[in-house]
Amino acid sequence: GPYRKYPKLSLVRRLFRAFRPGFAAARLLRCNVPQRYALALEKEPPPAGELVPIIRVSEEETQKALEFLRAEDMAERFVALHPYATHVNKAWPKERWLELIERLEHAGRDYLVLGMSKEPFLRERAGKRDLTNATSLRATCALLAQASALVTGDSGPMHLATAVGTPVTALFGPTTRHWGFYPSGPGDVVIERPLPCRPCDLHGGAACAR
């Protein structure tokens, strides 16, 4: 039957990664991935703000999250931390996370560590605030919805936080906005360094040459 496809911009991505031409950068930055999906149906994509993902947390899920926060004597507007990454080069170094935790504690801010990992490297420091491997996907969304912000790398939970309306501070290393997977919520921020070698890989799996 008939079908439609969206422009993956594979050639433009390869050109940009190899040579960094300005026209390729401009073409990639014009649309994020949801907007590119929309190009399967429209000649021009809707504004990025109209395509922000939405996850609806049920009242029961919200109550369970609030009950947990009260039981642990946690401030409801805590800062959520997701320190993990599928590809190791996309992860912020452990010592930086420890420094961030120290700064949060010095400022009197509560925090929770969320996510899945075989090596929950902040557990010794975070104690009961480390919920690594302890929450389901829906429970994670419910907790993120109660957070004042999420600090994370380029990750799946980054998009979950956007989808429940929690502002995101995303730390980008080997990947950049050009690939189209940046957080798109109104309060979301990407922090990155303008190194000429970036992006060094499409998904962040390649080893850093530096």
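Counting restarts for each chain: residues are numbered from 1 in the order of the written sequence. Since the coordinates come from a predicted model, pLDDT governs what is reported: local features require at least 70, and pairs of side-chain atoms require 80 or more to be given and counted, while whole-chain, interface and lining totals use all residues. For side-chain calculations, the full set of non-hydrogen atoms in the structure is used, while hydrogens and water are omitted.

Peer 1: Help me understand the packing of aromatic side chains, please; the structure alone is not making it clear to me.
Peer 2: A ring pair, where both rings are aromatic, is described by two values, the distance of the centres and the angle of the planes. What counts as a ring pair is set by centres within 6.5 Å for rings of Phe, Tyr and Trp (its six-membered ring), and what kind of pair is set by the plane angle: stacked under 30 degrees, edge-to-face over 60, tilted for all other angles. Considering all chains together, one arrives at four aromatic pairs under this definition. A centroid spacing of 4.8 Å and a plane angle of 85 degrees characterise the contact between Tyr 6 and Tyr 37, whose relative ring orientation is edge-to-face. Linking Tyr 6 in the segment before helix H1 (10–19) with Tyr 37 in helix H3 (residues 33–38), this pair joins segments that are 31 residues apart in sequence. Take Tyr 6: its relative accessible area is 29%, and that puts it in the partly exposed class. Over the ring of Phe 16 we find Arg 20; its NZ or CZ atom is 5.4 Å from the centre of that ring. It is Arg 129 that lies over the ring of Tyr 111; its NZ or CZ is 5.4 Å from the centre. Here a strand is any run of E in DSSP of at least two residues, a helix any run of H or I of at least four, and the numbering for each starts at the N terminus. To sort residues, take the accessible area from a 1.4 Å probe on protein chains only and compare it with the maximum for the residue type: under 20% means buried, over 50% means exposed, and anything in between is partly exposed. Both a distance and an angle decide whether a charge sits over a ring: NZ of Lys or CZ of Arg must be within 6 Å of the ring centre and within 35 degrees of the ring normal.

Peer 1: How should the pairing of strand E4 (residues 168–171) be read in this particular structure?
Peer 2: Regular strands have side chains that alternate between both faces of the sheet. Two strands qualify as a pair provided DSSP detects at least 2 bridges between them. Two elements, strand E3 (residues 149–153) and E4, share four bridges in a ladder whose sense is parallel. The residue bridging Gly 153 from the neighbouring strand is Leu 171, located in E4. When the strands point away from the viewer, a crossover counts as right-handed if the path from the first strand over the helix to the second runs clockwise. Tracing the backbone out of E3, into helix H8 (residues 156–163) and back to the parallel element E4 gives a crossover that is right-handed. Note that E4 and strand E5 (residues 189–191) share three bridges and pair parallel. Note on E5: the bridge partner recorded for Thr 169 is Val 189.

Peer 1: Help me understand unusual backbone geometry, please; the structure alone is not making it clear to me.
Peer 2: Among all residues save glycine, negative phi is the norm, and among peptide bonds the norm is trans. Here Arg 198 and Pro 199 are connected by a cis peptide whose omega angle stands at -5 degrees. Summarising the element assignment, Pro 199 is placed in the segment after E5. With a phi close to 55 degrees, Asp 73 is a non-glycine residue in the positive phi region. When you line up the elements, Asp 73 lands in the loop between helix H4 (59–71) and strand E1 (79–82). One non-glycine residue, Asn 133, lies in positive phi territory at about 65 degrees.

Peer 1: Please explain the nonpolar core as it appears in this structure.
Peer 2: Nonpolar side chains in soluble globular proteins generally cluster together in the buried interior. By nonpolar core we mean a set of buried residues, namely Ala, Val, Leu, Ile, Met, Phe, Trp, Tyr and Cys, connected to one another through side-chain atoms within 4.5 Å. Counting 23 residues, the largest nonpolar core has Phe 78, Ala 80, Leu 112, Leu 143 and Leu 144 as its most contacted members. Counting residues per element, the ones that place at least two in this core are H4, helix H7 (137–146), H8 and E4. For this core, the leading source of residues is H7, giving four residues. What makes two residues a contact is simply this: any of their non-hydrogen atoms within 4.5 Å. Those residues within four positions of Phe 78 in sequence are excluded, and the remaining contacts are Leu 69, Asp 110, Tyr 111, Leu 112, Leu 143, Gln 146, Ala 147, Ser 148 and Ala 149. One finds Trp 97, Ile 101, Leu 122 and Ala 126 within the second-largest nonpolar core, a separate group that totals 13 residues.

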